[in-house]
Amino acid sequence: MKAGAGSISGARIVVLLILLLQLSGLAAAPPLSSDQHFARGWQAFEAGDYHHALLIWLPLAEQGDRHAQSNLGFLYEYGQGVERDEARAVHWYRQSAGNGLAVAQFNLGMMHAEGRGTRQDPLRAAYWLQQAAEQGLADAQYLLAEHLEQHMGVPRNSATVQGWLTRAAKQGHHEAQAALSAETGASPVSSVASAPEPKSTK
């Protein structure tokens, strides 16, 4: 009898172990996607926990996520959650800009225009501002027009400068509308272009 009882007890232990393993498998959460990781970083950022956001976004940025790269650039540029480092900001903006994100292209263009984190370079600034402007970013369109006139010697009344001002104005950019209004005396353009403004989040 003792041998039989021992056998039953051993069988129960095996069954319990199998059940526990199955339950632990069911309880285990599936791995988060890169979008979900990014969203967690964004939640931390909005809550003001910039260092936590940086820790979440850094691995994504290193894997080539252009949104995480751009946001790391922002954190480094303004010293949020990390010591301010404009050269590192330029590095991450450049990675993201090369991956086609308009916001990063705009930010990189401004860094080159102002000589922050990198040498001042009006030509590179114009290039990156134009990349963002062509994607429909109104701020880039307006500042590209201003940059071309003030730093590249393109006349204010040229088709290029006026064209970028007009495109920005059609998206509701107030400074571009005011600039056109001051030149022509006409009412500011208020129509909205069909191209949406790129977002920094996914």
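Residues numbered from 1 in each chain as written. Predicted model: local features only at pLDDT ≥ 70, side-chain atom pairs only at ≥ 80, totals over all residues. Heavy atoms only, no water.

Chemist: So what's going on with the overall build of the chain? Which residues, and what values?
Modeler: Summing up its helical and strand segments, the chain has 10 helices and 0 strands in all. Overall, the chain shows an N-to-C arrangement of helices and strands of α-α-α-α-α-α-α-α-α-α. Taking all 202 residues of the chain together, 36% fall into the buried category. Considering only contacts in the chain between residues 6 or more positions apart, those separated by 24 or more positions represent 44%. A total of about 11,500 Å² of accessible surface is found on the chain, and carbon and sulfur atoms cover 56% of it. (Helix = DSSP H or I, 4+ residues; strand = E, 2+ residues; numbered from the N terminus. Buried < 20%, exposed > 50% of the residue type's maximum accessible area, 1.4 Å probe, protein only. Contact = heavy atoms within 4.5 Å. Areas by Shrake-Rupley, 256 points an atom, 1.4 Å probe, with all protein chains shown as cover.)

Chemist: Could you give me a rundown of the packing of helix 2 (residues 34–46) against helix 4 (residues 66–78), with the residues and numbers involved?
Modeler: Across the interface, helix 2 lies against helix 4 with an axial gap of 11 Å and an inter-helix angle of 25 degrees. Considering the angle they form, helix 2 stands roughly parallel to helix 4. Crossing of helix 2 over helix 4 shows left-handed handedness. Contacts from F38, W42 and F45 in helix 2 reach H67, A68, N71, F74 and L75 in helix 4. Taken together, the residues of the contact of helix 2 with helix 4 break down into 6 nonpolar, 2 polar and no charged. (Axes fitted to C-alpha atoms, helices over the stretch in contact; angles between N-to-C directions. Parallel < 35°, antiparallel > 145°, perpendicular 65-115°, else oblique. Left-handed = near helix turned anticlockwise from the far one by under 90°. Nonpolar A, V, L, I, M, F, W, Y, C, P; charged D, E, K, R; others polar.)

Chemist: Got a sec to walk through helix 5 (residues 86–98)? Specific residues and values, please.
Modeler: Think of an α-helix as 3.6 residues a turn; residues three or four steps apart then line up on the same face. Taking 1.5 Å of rise per residue, 13 residues should cover 18 Å, and helix 5 covers 18 Å from first to last C-alpha, within 8% of that figure. Where helix 5 is concerned, the buried positions are E86, A89, V90, W92, Y93, S96 and A97. As for helix 5, its buried residues are in contact with helix 3 (50–62), helix 4, helix 6 (102–114) and helix 7 (122–134). Phi turns positive, to about 90 degrees, at G100, one or two residues after helix 5. (Expected span 1.5 Å × (residues − 1).)

Chemist: Outline the nonpolar core, supporting the account with residue identities and numerical values.
Modeler: In this structure, W57, A68, L72, L75 and L108 are the most contacted members of the largest nonpolar core, which totals 23 residues. Only helix 2, helix 3, helix 4, helix 5 and helix 6 provide two or more residues apiece to this core. The element contributing the most residues to this core is helix 3, with 6 residues. (Core = buried A, V, L, I, M, F, W, Y, C linked by side-chain atoms within 4.5 Å.)

Chemist: Account for the packing of aromatic side chains, naming residues and giving values.
Modeler: For the structure on display, the rule yields 8 aromatic pairs. Ring centres of Y127 and W128 lie 4.9 Å apart, and the angle between their planes is 80 degrees; this geometry places the pair in the edge-to-face category. Since its relative accessible area comes to 14%, W128 is described here as buried. Every member of this aromatic cluster is reached through a ring pair, and the members are F38, W42, F45, Y50, W57, F74 and Y78. Looking at R88, its charged tip hangs above the ring of Y76, at a distance of 5.9 Å from the centre. (Phe/Tyr/Trp six-rings, centres within 6.5 Å; stacked < 30°, edge-to-face > 60°. Lys NZ or Arg CZ within 6 Å of the ring centre and 35° of its normal.)

Chemist: If you had to explain the packing of helix 3 against helix 4 to someone new, which residues and values would you point to?
Modeler: At a minimum axis separation of 9 Å, helix 3 and helix 4 run at an interaxial angle of 140 degrees. If you check the angle between helix 3 and helix 4, you find them oblique. When you trace helix 3 past helix 4, the crossing you get is left-handed. Seen from helix 3, the contacting residues are Y50, L54, W57, L58, L60 and A61; seen from helix 4, they are A68, Q69, N71, L72, L75 and Y76. Residues belonging to the contact of helix 3 with helix 4 are distributed by class as follows: 10 nonpolar, 2 polar and no charged.

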